Amino acid sequence: MKKTTLLIAGALAATLAAFAPAHASGTEKPPRVSWSFAGPFGTFDRAQLQRGFKVYREVCSSCHAMSRVAFRNLAEPGGPGFSEAQIKALAAEYKIKDGPNDQGEMFERPGRPADRFPAPFPNENAARAANGGAYPPDFSVLAKARTYERGFPWFLFDIVTQYQEQGPDYIHALLTGYADPPQGFPLQPGQSYNKYMAGNAIAMPKPLSDGQVEYPKGPDGKPAAPETVDQYAKDVTAFMMWAAEPHLEARKAMGFKVILFLIVFAGLLYFTKKKIWARVHDEAHA
């Protein structure tokens, strides 16, 4: 009896710990964000992807590479929706290292649509030296590589609801989670306090601030979206999600078609089975 009571008490304590809003270290769990690409029928918001690319280019690209994405990918179906002319003009603004030439020397040339986005640093050592020893991760697949533990019982609901946006939720939370550290919190030189970073200390300074990036104006002369940290974080995170999974819409469309096919196929098999076994039953009782 005593052993059973202890087991029940232990299970109850574990459940209460799982429902706790933050870890003992003070690291909070990212809040859920409503994404247009979430769910089995989700799609990318083209205007948001273009705004996110603008945030990446004006703010993030000075430190973070996007080495797996080519300029022409921005004009492909399912992407931000830039035109071929826009892509050519954009690529030509970059200098791409090429070569060797006939003299065996490397040289720089204007970018072409087939080129990938050049890295801001020549190598990892140079990147670490410019960022206080921290290495800025590549943006290409970051939205799929980053995640966090949801814990019990949320992961059970995630299976049913097909929640797969842990990465984008975490990145958005990280970009908006900068705050003043609690009194006495130990921070090393060059570190900032972040509510959602493991250990609450992050080497990246706060990258976004209100009004930092100017969005295109609408017919009424107002920005197409709020020029706030929260909106910047949502837009650049959506763009990072597209960079990590550019064929997300095609995958979901194909998945829906496969489900429909399997439902129809299962129905055909069921009625075929009934017809065959009905004949066998009749012959057996003839």
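As a convention, each chain's residues are numbered from 1 in the sequence order in which they are written. Given that this is a predicted model, residues contribute local features only at a pLDDT of at least 70 and side-chain atom pairs are listed and counted only at 80 or more, while totals for whole chains, interfaces and linings are drawn from all residues. Note that the side-chain values use all heavy atoms of the structure and ignore hydrogens as well as water.

- You'll find the protein chain entered in an unreviewed UniProt entry as Cytochrome c1, with Chelatococcus albus given as the organism.
- UniProt positions are given in the numbering used here, feature names are shortened, and annotations may be inferred rather than shown by experiment. Under Subcellular location (unreviewed entry), UniProt gives the following word-for-word description of the protein chain: "Membrane".
- The UniProt entry for the protein chain carries this comment under Sequence similarities (unreviewed entry): "Belongs to the cytochrome c family."

## Focus: the overall build of the protein chain
Part 1: Helix numbers and strand numbers start at the N terminus; a helix is a DSSP run of H or I with at least 4 residues, a strand a run of E with at least 2. Looking only at helices and strands, the protein chain has nine helices and four strands in total.
Part 2: For the protein chain, the sequential pattern of α-helices and β-strands runs α-α-α-β-β-α-α-α-α-β-β-α-α.
Part 3: Expressed as a percentage of its 286 residues, the buried residues of the protein chain come to 32%.
Part 4: Taking as baseline every contact in the protein chain between residues at least 6 positions apart, the subset at least 24 positions apart corresponds to 59%. Throughout, exposure labels follow a simple rule: accessible area from a 1.4 Å probe, protein chains only, divided by the maximum for the residue type, with under 20% read as buried, over 50% as exposed, and the rest as partly exposed. The contact definition used throughout considers only heavy atoms, calling two residues in contact when any of these lie within 4.5 Å.

## Quick word on the environment of P40
Part 1: As for its placement among the helices and strands, P40 is situated in the loop between helix 1 (2-18) and helix 2 (46-58).
Part 2: The contact partners of P40, leaving out residues within four places of it in the chain, are Q162 and K252.

## With respect to the confidence of the model for the protein chain
Part 1: Per-residue confidence from the prediction method is given by pLDDT, with values spanning 0 to 100. Confidence in the prediction of the protein chain, expressed as mean pLDDT, is 87, and 89% of residues score 70 or more.
Part 2: Contacts of residues 1-24 to residues separated by more than four positions or lying in other chains number nine contacts, the stretch itself having pLDDT below 50.

## Topic: the packing of helix 2 against helix 8 (residues 229-244)
Part 1: All axes are obtained by fitting lines to C-alpha atoms, using only the stretch in contact for helices, and the reported angles, taken between N-to-C directions, cover 0 to 180 degrees. Two elements in contact, helix 2 and helix 8, have axes separated by 7 Å at closest approach and are oriented at 100°. Classed by the angle they form, the pair helix 2 and helix 8 counts as roughly perpendicular. Along its contact with helix 2, which presents Q48, L49, R51, G52, F53, V55 and Y56, the element helix 8 presents Q231, Y232, K234, D235, V236, A238, F239 and W242.
Part 2: Charged means Asp, Glu, Lys or Arg here, nonpolar means Ala, Val, Leu, Ile, Met, Phe, Trp, Tyr, Cys or Pro, and polar covers whatever is left, Gly included. Its residues placed into classes, the contact of helix 2 with helix 8 shows nine nonpolar, three polar and three charged. Here the angle decides the label: under 35 degrees means roughly parallel, over 145 means roughly antiparallel, 65 to 115 means roughly perpendicular, and every other value means oblique.

## Brief notes about the packing of aromatic side chains
Part 1: Any two rings among Phe, Tyr and Trp, with Trp reduced to its six-membered ring, count as a pair given centres within 6.5 Å; such a pair is stacked if its planes are under 30 degrees apart, edge-to-face if over 60, and tilted if neither. The final tally for this structure, using the stated rule, is 16 aromatic pairs.
Part 2: With 4.5 Å between their ring centres and 50° between their planes, F71 and F117 make a pair best called tilted. Separated by 46 residues along the polypeptide, F71 in the loop between helix 2 and helix 3 (84-92) and F117 in the loop between strand 2 (107-110) and helix 4 (124-130) bring together distant segments of the chain.
Part 3: According to the relative accessible area criterion, F71 is buried, its value standing at 0%.
Part 4: Judged by its relative accessible area of 4%, F117 falls in the buried class.
Part 5: Seen in terms of ring centroids, Y270 and F271 are 5.4 Å apart; in terms of plane orientation they differ by 70°. Their pairing is edge-to-face.
Part 6: Given the relative accessible area of 45%, Y270 is considered partly exposed.
Part 7: Exposure remark for F271: the relative accessible area of 56% places this residue in the exposed category.
Part 8: An aromatic cluster of at least three residues, connected via ring pairs, comprises F53, Y56, F71, F82, Y94, F117, F139, F239 and W242.
Part 9: Throughout this description, the term charge over a ring refers to an Arg CZ or Lys NZ atom that lies within 6 Å of the ring centre and within 35 degrees of the ring normal. The ring of Y163 carries the charged tip of R32 above its face, separated from the ring centre by 3.8 Å.
Part 10: Positioned over the ring face of Y215 is R51, at 5.7 Å from the centre of the ring.

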